[in-house]
Amino acid sequence: MTTEISPRERLAAQLAEAVAGALSADLEQQPRALLVVSGGSTPVTFFARLAAMALPWERIDVTLADERWVGEDNADSNARLVREQLLVGPAAAAKFHPLTSDEGTPEQGAAAVAERIATLPWPASAVILGMGGDGHTASLFPDSGELGLALTTDEAVVAVRALSVPQPRITLSAAYLHRARRHILHIVGDNKRSVLARALAGDDARELPIRAFLACPLAVYWAP
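Residues numbered from 1 in each chain as written. Predicted model: local features only at pLDDT ≥ 70, side-chain atom pairs only at ≥ 80, totals over all residues. Heavy atoms only, no water.

Asker: Quick question: what am I supposed to make of the overall build of the chain here?
Answerer: Check the secondary structure of the chain and you find 7 helices and 9 strands. Relative to the globule expectation of 17 Å for 224 residues, the C-alpha radius of gyration of the chain, 17 Å, shows essentially globular dimensions. In terms of principal-axis extent, the alpha carbons of the chain reach across some 50 × 35 × 35 Å. The buried share of the chain, taken over its 224 residues, is 53%. (Helix = DSSP H or I, 4+ residues; strand = E, 2+ residues; numbered from the N terminus. Rg over C-alpha atoms; globule rule 2.2 N^0.38 Å. Buried < 20%, exposed > 50% of the residue type's maximum accessible area, 1.4 Å probe, protein only.)

This is the structure in structure tokens:
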């Protein structure tokens, strides 16, 4: 008896194969490769599939598109998610670079985190973006006072606060998120497809921040 694979599981497997192929191709040309991933529930199955791939993980750096300013033992920590779901098995040999520090706020810690992130082997092989129902991606929120800065600065990271989220955040700037050979949007559900359709119909990134990445080549991985 064969087990039926759901569309979302099939999507995660296809995405893992694509990302593994990108990392492999880049590692044939350079000593190290960088992968930028997003948190949330959507990428969990993708992480599991990618973690099982036979790659030279000891030559791969992994960081996040954004992070909540919480400890890594916190249930809301994207770093915890990556360590538990991606950096396991063969992938445990990868080097992970978190977006937090011991400082009490992201504003206090941003300079140290930016220095850390700037030393990574950019351009990234791939940036895997997610998207919220409000059109945000990474921690580029439409109701954030720091959105304009995050969309325009050349700095690596920006401390972010928004009314729509409970914790302060830190995010890679749009400039650094653009520093990748490949951009991938991984979304599921009809609601996210509708938001993406609305984003494609306009160009104001302050209304729907995902629009900041629609002008560059963007591979969309979607399943119902």
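Text resumes after the structure shown.
Asker: What is the right way to read the pairing of strand 2 (residues 60–64) from this model?
Answerer: Regular strands have side chains that alternate between both faces of the sheet. Burial analysis of strand 2 places 5 of its 5 residues in the buried class, the great majority of the element. Neither face of strand 2 is exposed, since I60, V62 and L64 on one face and D61 and T63 on the opposite face are all buried. Two elements, strand 1 (residues 33–37) and strand 2, share 5 bridges in a ladder whose sense is parallel. The partner of L34 across the bridge, within strand 2, is D61. In terms of handedness, the path from strand 1 via helix 2 (residues 44–51) over to strand 2 forms a crossover that is right-handed. One ladder, built from 3 bridges, connects strand 2 with strand 4 (residues 95–97); its direction is parallel. (Pairing = 2+ DSSP bridges. Right-handed = clockwise from strand over helix to strand, strands pointing away.)

Asker: For this particular structure, what's the right way to read the environment of S101?
Answerer: Considering the arrangement of structural elements, one finds S101 in the loop between strand 4 and helix 4 (106–118). Overall, the relative accessible area of 23% leaves S101 in the partly exposed class. Along the sequence, S101 and A111 sit 10 residues apart, while their C-alpha atoms lie 10.0 Å from each other. Residues contacting S101, with those up to four places away along its chain left out, are W69, G109, V113 and R116. In this structure the side chain of S101 is engaged in a polar contact, spanning 3.2 Å, whose partner is the backbone nitrogen of E103. (Contact = heavy atoms within 4.5 Å. Polar contact = N/O pair within 3.5 Å; in protein donor to acceptor, adjacent residues only side chain to side chain.)

Asker: Any chance you could explain the environment of A112 here in plain terms?
Answerer: Tracing the chain through its elements places A112 in helix 4. Between the C-alpha atoms of A112 and T100, which are 12 residues apart in sequence, the distance is 8.9 Å.

Asker: Can you walk me through the pattern of salt bridges in this structure?
Answerer: Once the charged atoms of two side chains with opposite charge are near each other, the side chains can pair. What the rule picks out here adds up to 10 salt bridges. Its salt-bridge partner being D61, residue R32 comes within 2.8 Å of it at the nearest N-O pair. In this pair, R32 sits in the loop between helix 1 (7–27) and strand 1 while D61 sits in strand 2, placing the two residues 29 residues apart along the sequence. For R32, a relative accessible area of 29% puts it in the partly exposed group. Of the charged contacts in the structure, one is a salt bridge between R211 and E207, with a shortest N-O distance of 2.8 Å. (Salt bridge = Lys/Arg side-chain N within 4 Å of Asp/Glu carboxyl O.)

Asker: Help me understand the sheet that holds strand 6 (residues 157–160), please; the structure alone is not making it clear to me.
Answerer: Sheets are built from strands that pair by backbone hydrogen bonding, the pairs being arranged parallel or antiparallel. Spatially, the 3 strands line up as an open sheet ordered 3-7-6, and their pairing is antiparallel. With one partner strand each, in any of the chains shown, strand 3 (66–68) and strand 6 form the two edges of the open sheet. Across this sheet, the average inter-strand angle for adjacent strands is 15°, counted without regard to direction. This element, helix 4, spans strand 6 and strand 7 (169–172) of the sheet and lies at about 160° to strand 6. (Axes fitted to C-alpha atoms, helices over the stretch in contact; angles between N-to-C directions.)

Asker: How do you make sense of helix 4 when you look at a structure like this?
Answerer: One full turn of an α-helix is made of 3.6 residues, so residues set three or four places apart face in the same direction. Under the 1.5 Å per step criterion, the end-to-end length of helix 4 is 17 Å for 13 residues, consistent within 8% with the ideal 18 Å. A112 marks where helix 4 bends most, by close to 30°. Residues of helix 4 that are buried in the fold lie against strand 2, strand 4, strand 6, strand 7 and helix 6 (174–177). (Expected span 1.5 Å × (residues − 1). Bend = angle between axes of the 7 residues up to and from the residue.)

Asker: Any chance you could explain the nonpolar core here in plain terms?
Answerer: One recurring pattern in soluble globular proteins: nonpolar side chains tend to sit buried together. Core analysis: the biggest nonpolar cluster contains 78 residues, and L50 and I117 have the highest contact counts within it. Among the elements that line this core, the one with the most residues is helix 1, at 8 residues. Among all residues touching L50, those that are not within four sequence positions of it are A16, V19, A20, L35, L55, W57 and L86. (Core = buried A, V, L, I, M, F, W, Y, C linked by side-chain atoms within 4.5 Å.)

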